Amino acid sequence: MTGFEHALILVLLLTALSIVGRWLPWPMPVTHVVGAGAAAFWLGFPRVALDPEFFFLCFVPPLLFSDGWLMPLRDFLAAKRSIITLAVGLVIFTTVCVGLVAHWLVPALPLAMAFALGAVISPTDAVAVGAITSRLKVPARLTAVLNGESLMNDATGLVAFKFALAALAVGTFSVRAAAVDFVVLAAGGAAVGHGLGYLVGKIRDLLRHARSSDTFIEVTLSLMTPYAAYLLGEALHLSSILAVVAAGLYSGWRDPLRMDVAARQANWAVWAMVLFWLNGMAFVLLGLQFPTLFARVSESYSTLQILGFTAVIAGTAILTRLAWVFASAYLPFRLFPRLRGQEKPPSRAVVLVTGWAGMRGAITLAAALSIPELTDDGRPFPARDLVIFLSLGVILVTLLLQGTTLEWLICRLGLRADASRLREDRLARITAVKSGLESLRQPGTDPATSEERTMRGLIVAEYEHRLLELTAEGETQAIAQRHRVAGRRHRLRALQAERTAIDDLWQRDVITDETHRPLQQLLDHEESLLRAQPGGPPPA
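First, a word on what this report is: a plain description of the structure on this page.

Conventions used here
Sequence order as written defines residue numbering, which begins from 1 separately in each chain. In keeping with the model being predicted, local features are shown solely for residues with a pLDDT of at least 70 and side-chain atom pairs are shown and tallied solely at 80 or more, while totals for entire chains, interfaces and linings include all residues. Note that water and hydrogens are dropped before the side-chain values are worked out from all heavy atoms of the structure. To qualify as a helix, a DSSP run of H or I must reach at least 4 residues; to qualify as a strand, a run of E must reach at least 2; elements of each kind are numbered from the N terminus. A 1.4 Å probe rolled over the protein chains alone gives each residue an accessible area, and that area as a share of the maximum for its type sets the label: buried under 20%, exposed over 50%, partly exposed in between. Given a helix with a known number of residues, its expected span is that number minus one, times 1.5 Å. By definition, a residue's bend is the angle between the axes fitted to the seven residues ending there and the seven starting there. For helices, the fitted line uses only the C-alpha atoms of the stretch in contact; every axis is such a line through C-alpha atoms, and the angle between N-to-C directions lies from 0 to 180 degrees. Each crossing gets its hand from how the near helix is turned against the far one by less than a right angle, where anticlockwise is left-handed and clockwise is right-handed. By definition, residues are in contact when any of their heavy atoms lie within 4.5 Å. Under the convention adopted here, Pro, Cys and the residues Ala, Val, Leu, Ile, Met, Phe, Trp and Tyr are nonpolar, Asp, Glu, Lys and Arg are charged, and Gly plus all remaining residues are polar. Under this scheme an angle from 65 to 115 degrees is roughly perpendicular, one under 35 degrees roughly parallel, and one over 145 degrees roughly antiparallel; angles in between are oblique. Under this definition, polar contacts are N or O atom pairs within 3.5 Å; protein pairs additionally need one hydrogen-donor-capable and one acceptor-capable atom, and for neighbouring residues in sequence, both atoms have to be side-chain atoms. Stacked, tilted and edge-to-face are the three classes applied to pairs of Phe, Tyr and Trp rings, where Trp contributes its six-membered ring and a pair requires centres within 6.5 Å; stacked means planes under 30 degrees apart, edge-to-face means over 60, and tilted covers the rest. We call a charge positioned above a ring when the Lys NZ or Arg CZ atom is no farther than 6 Å from the ring centre and deviates by at most 35 degrees from the ring normal.

1. Observations concerning unusual backbone geometry
Argument step 1. Unusually for a residue other than glycine, His237 sits at a positive phi of about 60 degrees.
Argument step 2. With respect to the helices and strands, the residue His237 is situated in the loop between helix H10 (215–235) and helix H11 (240–258).
Argument step 3. Positioned with a positive phi, Ala383 is a non-glycine residue whose angle comes to about 60 degrees.
Argument step 4. With respect to the helices and strands, Ala383 occurs in the loop between helix H16 (362–369) and helix H17 (384–401).
Argument step 5. Residue classification places Ala383 among the partly exposed positions, given a relative accessible area of 26%.

The following block contains the structure:
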């Protein structure tokens, strides 16, 4: 069976498990791992061998780039102290604590490899956390801290992991030398990533001005940017990980302003599909390795020992995070009283949710599976299978324990979204509508014909109605909102009737695909706009 056929089977398996996972009460990655593991026990299922270096290159750059691309820079800068404390301090604390506990628990595990395990499980999963916080509308600062932490601790955790593996290969480790190397590699990697992001942006601008670009080229360049940043960082012997993050942050600031509507829509759609494949496929591939992995680990340890190791390491990671989060939230205000004049200490509810939102995911998995099978001198990499197995155990424990209880905890503590986002949304909408009205009422724009004057009058009336609804208060606003909801419902019903009519014409071969497809896309776009409005009906 060829590699292409293997790829098709993996995509079908991922799709089938994703369908099943929607009906199960636990997070989707658990379904992917367990389902793929069950498939691997079937002797007829194809065996998939992983190349660690290729796996890391394929999965990590786009995952890190997307985290940076989606990170709001303003929110990141506003919460930078909390984010850096978690993304740097907590990563180091977790690496050291988990490493020492793992080495004590399994004396045969080399100390450097134990620290590599601690570094691997230190990054949190932005996808798992965001899926819950976005649905419950938690306070904006909490969302910014968790998203910013997930972005930065991916980078710092992977850098610490690389240092641990290098120390294992060399046999010695100097904290001072490692700190100097980290600063040089990090600064250089960030500069390279920012420079590459700027260069790619300029190339896209030139292509667009020369009318040599289109939506497909824009999306292709966007998909290639993280790989280019990673490979350039590797070629210059700098931090390729931070190069990807820096390129993602710059692109996330630039793209919304420079892309046209079609390119933005296509970019969102393509990246959503890519991330679905990468996040899901990482867990599917690990599930397929599970029987072989478990058999290798079982040669040295009993099943009870393996479960005990997993419970202790996962418990250490969870307790370490809780201890650090509470200490870093309140201790600085005691040590530096001036901080109280600059920012307000967070509530205990916010701190507890931050500490409990420590689910691990695809980055941890990709890093663990990237551990080489052989050392430079050809010997098997020490305790590789055990580290991968314990990393998987921590992922599953945090997803099952924290991922299934975080939503309950948020509701139990009564955390709600603050009014800042609502105020910003209302301000933006009012400003946009006023600008539209001003452009319609500018001198010298009077239509020449009665038909044009009639149409402009209808558009002005629509804008005035929207402005009245946004600026009204009390009962007037409630009436306007009821009118809007009723109007949207009638519009959606009319759109559905239009869609049914053109679909019927197409099915009866009255119109061709070339006529049917653009009309269908237009109706889909209008419906998506209606459903995206505040208070609109949920997606169909």
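2. Some words on helix H3 (residues 52–70)
Argument step 1. The terminal C-alpha atoms of H3 lie 27 Å apart, and with 19 residues this matches the ideal 27 Å at 1.5 Å per residue to within 8%.
Argument step 2. Of all the bends in H3, the greatest reaches close to 25 degrees and is centred on Val60; the proline Pro61 follows between one and four positions later.
Argument step 3. Burial within H3 is extensive, with 14 of its 19 residues counted as buried.

3. So, the packing of helix H13 (residues 303–335) against helix H15 (residues 348–356)
Argument step 1. Where H13 contacts H15, the two axes come as close as 8 Å, and the packing angle between them is 145 degrees. As for how H13 packs across H15, the hand of that crossing is right-handed. When H13 is examined against H15, the residues Ile318, Arg321, Leu322, Val325, Phe326, Ala329 and Tyr330 are found in contact with a partner set consisting of Arg348, Val351, Leu352, Thr354, Gly355 and Trp356.
Argument step 2. Among the residues making up the contact of H13 with H15, the classes are represented as 9 nonpolar, 2 polar and 2 charged.

4. A closer look at the environment of Met455
Argument step 1. Along the chain, Met455 falls in helix H20 (residues 450–471).
Argument step 2. Spatially, the C-alpha atoms of Met455 and Leu165 are 68 Å apart, while their sequence positions differ by 290 residues.

5. Considering the packing of helix H2 (residues 28–40) against H17
Argument step 1. Here H2 crosses H17 at 135 degrees, and the two axes come no closer than 9 Å. Between H2 and H17, the crossing angle belongs to the class labelled oblique. When the axes of H2 and H17 are compared, the crossing they make is left-handed. Listed contacts from H17 to Pro29, Val30 and Val33 of H2 are Leu392, Leu396, Leu399 and Leu400.
Argument step 2. In the contact of H2 with H17, the residues fall into 7 nonpolar, no polar and no charged.

6. Some details on the side chain of Glu218
Argument step 1. Along the chain, Glu218 falls in helix H10.
Argument step 2. A polar contact of 3.0 Å, which involves the side chain of Glu218, links it to the side chain of Arg204.
Argument step 3. The contacts of Glu218, once residues within four sequence positions are left out, are Arg204, Arg208, Ser213, Met259 and Ala263.

7. With respect to the packing of aromatic side chains
Argument step 1. The final tally for this structure, using the stated rule, is 10 aromatic pairs.
Argument step 2. On the numbers, 5.7 Å between centres and 45 degrees between planes, the contact of Tyr250 with Trp253 is tilted. In this pair, Tyr250 and Trp253 both sit in helix H11, 3 residues apart, roughly one turn of the helix.
Argument step 3. Trp253 gets classed as partly exposed once you look at its relative accessible area, which sits at 47%.
Argument step 4. Put simply, the rings of Tyr198, Tyr250 and Trp253 touch in pairs and so form one group of aromatic residues.
Argument step 5. Against the face of Phe56 rests Lys162, its NZ or CZ located 4.5 Å from the ring centre.

8. A word on the environment of Gly378
Argument step 1. If you trace the backbone, Gly378 turns up in the loop between H16 and H17.
Argument step 2. Between the C-alpha atoms of Gly378 and Thr404, which are 26 residues apart in sequence, the distance is 43 Å.

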